[in-house]
Amino acid sequence: MNERNLNQMSVEDITTEMNIGTAQDSTEGAETEAGDLQEIVLETMEPVIPQTTSMTKTSVSATKVKKEHKAGKAILHFLKKIRVLLIILILAAIGVILFLNYRKKQDQMAAMAQSSQIETAEIEMQDLTTSITTTGTVKSMESRVIKSALTKTELSEVDVEIGDTVEAGQVVAIFKDEDIRTDIARIEDKINVSEQTEAIETQATDREYVYTYGTQALSITEAQQKVDSALKALYEACDGYGTAKRKLQAAKDEGKSDAEITQLETAVSSAYQTEIKAQETYETALQTQTSTLRSAGNTLASTDENYQKSSLTKGDSTEELQQQLEDLQTSLNNCVVTAPIGGVVTSLAVKTGDTYVEGEIMTIQNCDMFTVSAQIDEYDISDLKEGMQVVIKTDATRDDELEGVVSFISPTATASTGSSTDATYEVTIDILTQDDRLKLGMTAKLNIIVDEIQDVLTVPYDAVSTNVAGESVVYVVEAGVPGSHARNEAGGTAGAGGQDKGDIENTSAAGIEAGASAAVTGTETPTMQQKEVVVEIGMESDYYTQIISDELSAGMVVVIPSAAGEGGSSAASGTFGFGGIGGGMGGGGAPGGGGPGGGGMP
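**With respect to the overall build of the protein chain**
Across its full length, the protein chain holds 11 helices and 21 strands. Buried positions account for 33% of the 602 residues belonging to the protein chain. With an accessible surface of roughly 35500 Å², the protein chain has 51% of that area assigned to carbon and sulfur atoms.

Right, here's the structure in full:
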């Protein structure tokens, strides 16, 4: 810059020029800048007058030149007086500008450090489970509702109250039995009379049966005898007719007299008539026998049927009375009500003097063994099986975990109520751990173990991401990268442009925050090297995922990409950091880089 140009510059231009120079040499400090500015002002102001004088010598007189020279000296003298004030004002303006620039950078770096905090987690060797979480109600494993077959019967005693503990077989209530005992005596008398009556009726029936059979047998025998007699007579008539015919023929052959022949012919005719009558008698006897047999058969058949009916119905009246007697005996036994199981009386519907009609008398529940009844959504019910282990907690048992097992899964959905359309299924869990703090009706928190695997490498669910090749990967923090150095302590040598970078060996949140703080103050620009490792995904729980890889082991630190992504770093780059934050007042390195003394944007 020549003297003429300096002479033409205004004070504002000089200030701007000095500001630029000072910005470029920020590492020399405020005192050096002030000295340089003073020399620049003096060197700029002193040549102004001689140059003006030389330019005017050719156009004005010597007197005028002298006057102007004196005026220039006066101006120079005045400027020398106020130069200290000008330098102070200029330095103050520069200081304000630099302070504002520093504050702006400090705010930017603080925001970047805050947004660049990286969340990490250790790879852990642990047991992994998948489970269904729900709530249910504590109930008794064994519960009995006591009812009675008696009706319209007065209770003479009720020996228990709600909350009482009873043992199996203990008498808990008694009905009045006077009426029942009276009915029993009356029925027993009826049974005695009925048995005697039936005995007499049986004898009469048997007698009638025998008589009928005898009568019919006799008629059949008589009919048979008549047939036999008629047949015999027929045979004799046939023989007589044959004999008469032979005699007649012999007389004719011998030439007997006509009188003898006529006599023999009369004898033949008589024998013939006798045979005809014998034949008719025999046929009549046969018809009579047939009719007798038919009649006897019908009579005997009817007799048999009646006898069988009598045998079938014999004793019905007595049996009915016997059944009534048995019912009364049962009712008498039911007058004494005993506890079917041991437990606690949890409900009582009657008291002494009440007339019981029907329904519940009381409920006894066994409080030594409990179950939990829960409703499982249709989305999860297919994953459940009987025998699955359950972890149970209640408010009464605090943090103690009780063991349970699924003992029943309803095959049908529970009837929906209200406007809900989701189907739920009732599931029963037996509580295996006995605890005196458990009470009926408590709300239990259930964790039903659907699947479980032991001693596997796990990371938080969000630590697993997918690379561009579609593979499941985790990003492992590599501690102690060769050639790097950590300078987070006071007096570190971070470059003016943010070139020096130190590794973050402590990958915890506290270590990262410390590195971010160092970056803001210009002492350090931390980075964190990481390595992409392809993994195979195993079982997943609500919070953790099993990872399978020969390159991984417990204790390694992995990055949570979902948390690191907001810090301006890319998982694919392999490095998470805060960028090249410019160092202090001396430089303006842009976030992400900038050379030493660079003039990048703040």
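That was the structure; now back to the text.
**Some thoughts on the sheet that holds strand 6 (residues 336-338)**
Across the sheet, which stays open at both edges, the four strands sit in the order 6-5-3-8 with antiparallel pairing between neighbours. Looking at which strands have only one partner, the edges of the open sheet turn out to be strand 6 and strand 8 (355-356). The sheet contact formed by strand 3 (residues 153-158) and strand 8 spans two bridges and is antiparallel. Residue pairing for strand 8: Thr153 is matched across the bridge by Tyr356.

**Overview of the packing of aromatic side chains**
Going through the model one piece at a time under the given rule, you end up with three aromatic pairs. Both rings, one in Phe175 and one in Tyr356, keep their centres 5.8 Å apart while their planes meet at 65 degrees; by these two values the pair is edge-to-face. Taken as a pair, Phe175 in strand 5 (residues 171-175) and Tyr356 in strand 8 lie far apart in primary sequence, 181 residues in all. In this structure, Phe175 and Tyr356 share a single accessibility class: buried. Taking the centre distance of 4.7 Å and the plane angle of 45 degrees together, the rings of Tyr209 and Tyr213 count as tilted. Of this pair, Tyr209 and Tyr213 both sit in helix 6 (residues 178-254), separated by four residues, roughly a single helical turn. Accessibility expressed as a relative area gives 24% for Tyr209, which makes it partly exposed. Using a relative accessible area of 29% as the deciding quantity, one classes Tyr213 as partly exposed.

**Quick notes on the environment of Thr458**
Its place among the elements puts Thr458 in strand 13 (residues 443-460). A relative accessible area of 0% places Thr458 in the buried class. Along the backbone, Thr458 and Gln126 are 332 residues apart, and their C-alpha atoms lie at a distance of 6.9 Å. Contacts of Thr458, omitting those with residues within four sequence positions, involve Glu122, Ile123, Glu124, Gln126, Leu128, Tyr544, Thr545 and Gln546. Of note is the side chain of Thr458, whose polar atom sits 2.6 Å from the side chain of Gln126.

**Topic: the nonpolar core**
Core analysis: the largest hydrophobic core is formed by 27 residues, its most contacted members being Val166, Val172, Phe175, Ile180, Ile361 and Ile364. Of all elements in the fold, only strand 3, strand 5, helix 6, helix 8 (316-334) and strand 9 (362-377) reach the threshold of two or more residues within this core. Beyond its immediate stretch of four places on either side in the chain, Ile364 contacts Glu142, Ser143, Arg144, Ile146, Val166, Ala339, Pro340, Ile341, Gly342, Gly343, Val344 and Val345. Of all hydrophobic cores here, the second largest spans 24 residues; its members include Val390, Leu402, Val406 and Leu438.

**Description of the environment of Asp542**
Mapped onto the elements of the fold, Asp542 is located in the loop between strand 18 (536-540) and strand 19 (544-548). The spacing of Asp542 and Ser131 is 411 residues in sequence and 8.4 Å in space, taken between C-alpha atoms.

**As for the confidence of the model for the protein chain**
Scored by pLDDT, the protein chain has a mean of 75; 68% of the residues are at 70 or more. Low confidence marks residues 480-526, where pLDDT is under 50. Its contacts with residues over four positions away, or in another chain, come to 90 contacts. In this model, residues 563-602 is a region of pLDDT below 50 whose contacts with residues beyond four sequence positions or in other chains number 97 contacts.

**Notes on unusual backbone geometry**
Unusually for a residue other than glycine, Lys152 sits at a positive phi of about 55 degrees. Of note, Asp455 is a non-glycine position whose phi angle comes to about 55 degrees, a positive value.

**So, the packing of helix 6 against helix 8**
One way to put it is that helix 6 packs onto helix 8 with a least axis distance of 9 Å and a crossing angle of 160 degrees. As far as their axial angle goes, helix 8 and helix 6 are roughly antiparallel. As helix 6 packs across helix 8, the resulting crossing turns out to be left-handed. In this structure, helix 6 contributes Ile180, Arg181, Asp183, Ile184, Ile187, Glu188, Lys190, Ile191, Ser194, Glu195 and Glu198 to the contact, and helix 8 contributes Asp316, Ser317, Thr318, Leu321, Gln322, Gln324, Leu325, Leu328, Gln329, Ser331 and Leu332. Here the residues of the contact of helix 6 with helix 8 sort into eight nonpolar, seven polar and seven charged.

**Overview of the side chain of Glu198**
Relative to the assigned elements, Glu198 resides in helix 6. A polar contact of 3.0 Å, which involves the side chain of Glu198, links it to the side chain of Thr318.

**Thoughts on the pairing of strand 11 (residues 402-409)**
Pairing of strand 10 (residues 389-394) with strand 11, which is carried by four bridges, proceeds in the antiparallel orientation. Bridge pairing in strand 11 places Gln389 opposite Val405. Here strand 11 pairs with strand 12 (residues 424-431) via five bridges, running antiparallel. Bridge assignment links Val406 to a residue of strand 12, and that residue is Ile429.

**Points about the pattern of salt bridges**
For the structure shown, the criterion picks out 11 salt bridges. Among the ionic pairs, Asp354 bridges to Lys351, the shortest N-O distance being 3.3 Å. Residue classification places Asp354 among the partly exposed positions, given a relative accessible area of 21%. Exposure remark for Lys351: the relative accessible area of 54% places this residue in the exposed category. Shared partners join several salt bridges into a network, and the residues in it are Asp400, Asp435 and Arg437.

Each value, and the rule that gives it
Residues numbered from 1 in each chain as written. Predicted model: local features only at pLDDT ≥ 70, side-chain atom pairs only at ≥ 80, totals over all residues. Heavy atoms only, no water. Helix = DSSP H or I, 4+ residues; strand = E, 2+ residues; numbered from the N terminus. Buried < 20%, exposed > 50% of the residue type's maximum accessible area, 1.4 Å probe, protein only. Areas by Shrake-Rupley, 256 points an atom, 1.4 Å probe, with all protein chains shown as cover. Pairing = 2+ DSSP bridges. Phe/Tyr/Trp six-rings, centres within 6.5 Å; stacked < 30°, edge-to-face > 60°. Contact = heavy atoms within 4.5 Å. Polar contact = N/O pair within 3.5 Å; in protein donor to acceptor, adjacent residues only side chain to side chain. Core = buried A, V, L, I, M, F, W, Y, C linked by side-chain atoms within 4.5 Å. pLDDT = per-residue confidence, 0-100. Axes fitted to C-alpha atoms, helices over the stretch in contact; angles between N-to-C directions. Parallel < 35°, antiparallel > 145°, perpendicular 65-115°, else oblique. Left-handed = near helix turned anticlockwise from the far one by under 90°. Nonpolar A, V, L, I, M, F, W, Y, C, P; charged D, E, K, R; others polar. Salt bridge = Lys/Arg side-chain N within 4 Å of Asp/Glu carboxyl O.

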